[in-house]
Amino acid sequence: MSESGEYTLQFTGKGGSVKELSSYKELSKINASNAIYCLYTASANGRLSINVKSESKLQLVVFQSDSSGICNEIINGRADVTRNISTPSNQVGLNLVLTPNFLFPLNLKAGQQVIIGLFTEAKKTDFITFTTNFETFDSNFRELSSKGKFIDLREDEFQLGLTLTLRDQETGNPVIANVTIQGMKSLNAVYNGSDFKFPLERSGKIHIEVDAEGYFFVDRDEPVTFNTENEIVIWLEPLGNGKSQKIDQIEFYPGSSEFLKTALPKLVRLKNFLALNAYVKIEIQGHVHSNNPINTMDGQRLSEARAKRIYNYLVESGIDKNRLTTVGYGNTVPVYPKATLPSEEQANRRVEIKVK
């Protein structure tokens, strides 16, 4: 298939094992008695979204290969697995709105092929509704290189506004990411690219959220000024074993493991990060602040309870519990060992995640 639309497909109902998946360790949780493979060819540069519904519980895998013989690549275990939804559900797919059973859409180049595998344990001849939506990039889109995409929404190239650049912190290369901007009506939207130029309607403050597979997410609040050139460079840190990130704004009631209401947006961000990076395992670390340099039993228990509360939230939100561990550090690893300001004390009361 290469056109957007709705298709009706049917499982054979014969059952058995899908041997071609055995070569992929990351697909060990795919329990398949029935399988359907769909070949999709991109007609232009664009973004592919998928929505699949069935009476049977489904799992979804997207294979991609630079080779023209993608089918043989899958059989031989050499194709790349670019999306993997292993939690069975009656509805799965790819969408900009993330849930446990919907991951980010695919960015494809003209002529590029992917194979979407749909799997179920049910030995039935169930029908599935398979809907594809392919959004081609308009004339404002052009490729910077094999790793970058440029979007210019200005009316002319001399218009002053906002330049936003996304770069890999280690290599300096462009990083293609989903960028959500809020706070200014003309900019409020989700964009996909690595380099952007936006017009500004006024001065003010905007909130920027950046999500890219293989990187820690970034949230920024930035002031921008009308009728001048504003430049923002966001450096994205690649994921790697042992790397960690502080998660700001996940706050608790004093002396409690109960979340403040203001913590919810950042909890959702953490959940979406794990949904986008479906193979990442993390350690959730809890830290507390105390003016007592000795790590008390109460402080230790509180840090453990707070880490566990985040774990429970993520599991209840659909994240596989096997991807999560928790640890409490009490007040043994403060950011500010001799905190005097409220902001320094709050910095010590923090949550961090560590990639395992």
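Everything numeric in this text was worked out from a predicted model, so none of it was measured.

1. Observations regarding unusual backbone geometry
Then comes step 1: Backbone geometry at Asn 227 places phi at a positive 60°, although glycine is not the residue there.
Then comes step 2: Inspection of the secondary structure puts Asn 227 in the loop between strand S16 (218-224) and strand S17 (230-236).
Then comes step 3: By relative accessible area, Asn 227 is classed as exposed at 59%.
Then comes step 4: A positive phi angle, close to 75°, is found at Gln 249, a residue other than glycine.
Then comes step 5: Mapping Gln 249 onto the fold places it in the loop between strand S18 (244-247) and helix H2 (264-276).
Then comes step 6: By relative accessible area, which is 48% here, Gln 249 ends up partly exposed.

2. Quick look at helix H3 (residues 297-316)
Then comes step 1: The end-to-end C-alpha distance of H3, which contains 20 residues, comes to 28 Å, matching closely the 28 Å that a straight helix rising 1.5 Å per residue would cover.
Then comes step 2: Along H3, the residues that are buried comprise Gly 299, Gln 300, Leu 302, Ser 303, Arg 306, Ala 307, Ile 310, Tyr 311, Tyr 313 and Leu 314.
Then comes step 3: Contacts made by the buried residues of H3 are with H2, strand S19 (282-286), strand S20 (324-328) and strand S21 (351-355).
Then comes step 4: Phi turns positive one or two residues past the end of H3, at Gly 318, with a value near 105°.

3. Digging into the pattern of salt bridges
Then comes step 1: A full pass over the atoms with the stated rule returns 15 salt bridges.
Then comes step 2: Measuring nitrogen to oxygen at the nearest pair gives 2.0 Å for the salt bridge that ties Asp 320 to Lys 29. Highlighted residues: Asp 320 in the loop between H3 and S20 and Lys 29 in the loop between strand S1 (5-10) and strand S2 (34-41), separated in sequence by 291 residues.
Then comes step 3: Of the residues examined, Asp 320 reaches a relative accessible area of 23% and is grouped as partly exposed.
Then comes step 4: Lys 29 sits in the partly exposed class, given a relative accessible area of 37%.
Then comes step 5: For Arg 78, the salt bridge goes to Glu 73, with nearest N and O atoms at 3.6 Å.
Then comes step 6: In this structure Arg 78 comes out as exposed when scored by relative accessible area, which is 52%.
Then comes step 7: It is possible to trace a salt-bridge network through shared partners that takes in Glu 209, Asp 211, Asp 219, Lys 266 and Arg 269.

4. Regarding the sheet that holds strand S12 (residues 177-182)
Then comes step 1: Read from one edge to the other, the open sheet built from 4 strands follows the order S13-S12-S15-S16, with strand pairing classed as antiparallel. Each edge of the sheet is formed by a strand with only one pairing partner; in this case those strands are strand S13 (189-193) and S16. Each strand of the sheet is rotated relative to its neighbour by a mean of 25°, with strand direction disregarded.
Then comes step 2: Here strand S15 (residues 204-211) pairs with S16 via 7 bridges, running antiparallel.

5. Let's talk about the environment of Leu 264
Then comes step 1: Following the sequence through the fold, Leu 264 ends up in helix H2.
Then comes step 2: The partly exposed category is assigned to Leu 264, whose relative accessible area is 47%.
Then comes step 3: Leu 264 sits 13 residues away from Glu 251 along the chain, and the two C-alpha atoms are 9.3 Å apart.

6. As for the side chain of Ser 56
Then comes step 1: Tracing the backbone shows Ser 56 in strand S3 (residues 46-64).
Then comes step 2: Beyond its immediate sequence surroundings of up to four residues, Ser 56 is in contact with Ser 89, Asn 90, Thr 120, Ala 122 and Asp 126.

7. With respect to H2
Then comes step 1: Between the first and last C-alpha of H2 there are 18 Å, a value that for 13 residues agrees with the 18 Å anticipated at 1.5 Å per step.
Then comes step 2: Counting buried positions over the 13 residues of H2 gives 10, a clear majority of the element.
Then comes step 3: Within H2, burial applies to Lys 266, Leu 267, Arg 269, Leu 270, Lys 271, Asn 272, Phe 273, Leu 274, Ala 275 and Leu 276.

8. Observations regarding the sheet that holds S19
Then comes step 1: With mixed pairing, 4 strands are arranged side by side in an open sheet as S18-S21-S19-S20. A strand with exactly one partner marks an edge of an open sheet, and here the two such strands are S18 and S20. Strand-to-strand, the axes of this sheet are offset by a mean angle of 25°, without reference to chain direction.
Then comes step 2: In this sheet, S20 lies alongside S19 in parallel orientation, the contact comprising 5 bridges. Residue pairing across strands places Ile 284 opposite Thr 326, the latter belonging to S20.
Then comes step 3: The strands touched by H3 are S19, S20 and S21; relative to S20, the strand with the most contacts, the crossing angle is about 160°.

9. Focus on the pairing of strand S8 (residues 127-136)
Then comes step 1: Pairing of S1 with S8 involves 6 bridges; the strand directions are antiparallel. Bridge pairing links Glu 6 to Thr 131 in S8.
Then comes step 2: In terms of strand pairing, S3 meets S8 through 9 bridges, oriented antiparallel. Of the residues in S8, the one forming a bridge with Leu 48 is Phe 134.

Thresholds, definitions, all that
Residues numbered from 1 in each chain as written. Predicted model: local features only at pLDDT ≥ 70, side-chain atom pairs only at ≥ 80, totals over all residues. Heavy atoms only, no water. Helix = DSSP H or I, 4+ residues; strand = E, 2+ residues; numbered from the N terminus. Buried < 20%, exposed > 50% of the residue type's maximum accessible area, 1.4 Å probe, protein only. Expected span 1.5 Å × (residues − 1). Contact = heavy atoms within 4.5 Å. Salt bridge = Lys/Arg side-chain N within 4 Å of Asp/Glu carboxyl O. Pairing = 2+ DSSP bridges. Axes fitted to C-alpha atoms, helices over the stretch in contact; angles between N-to-C directions.

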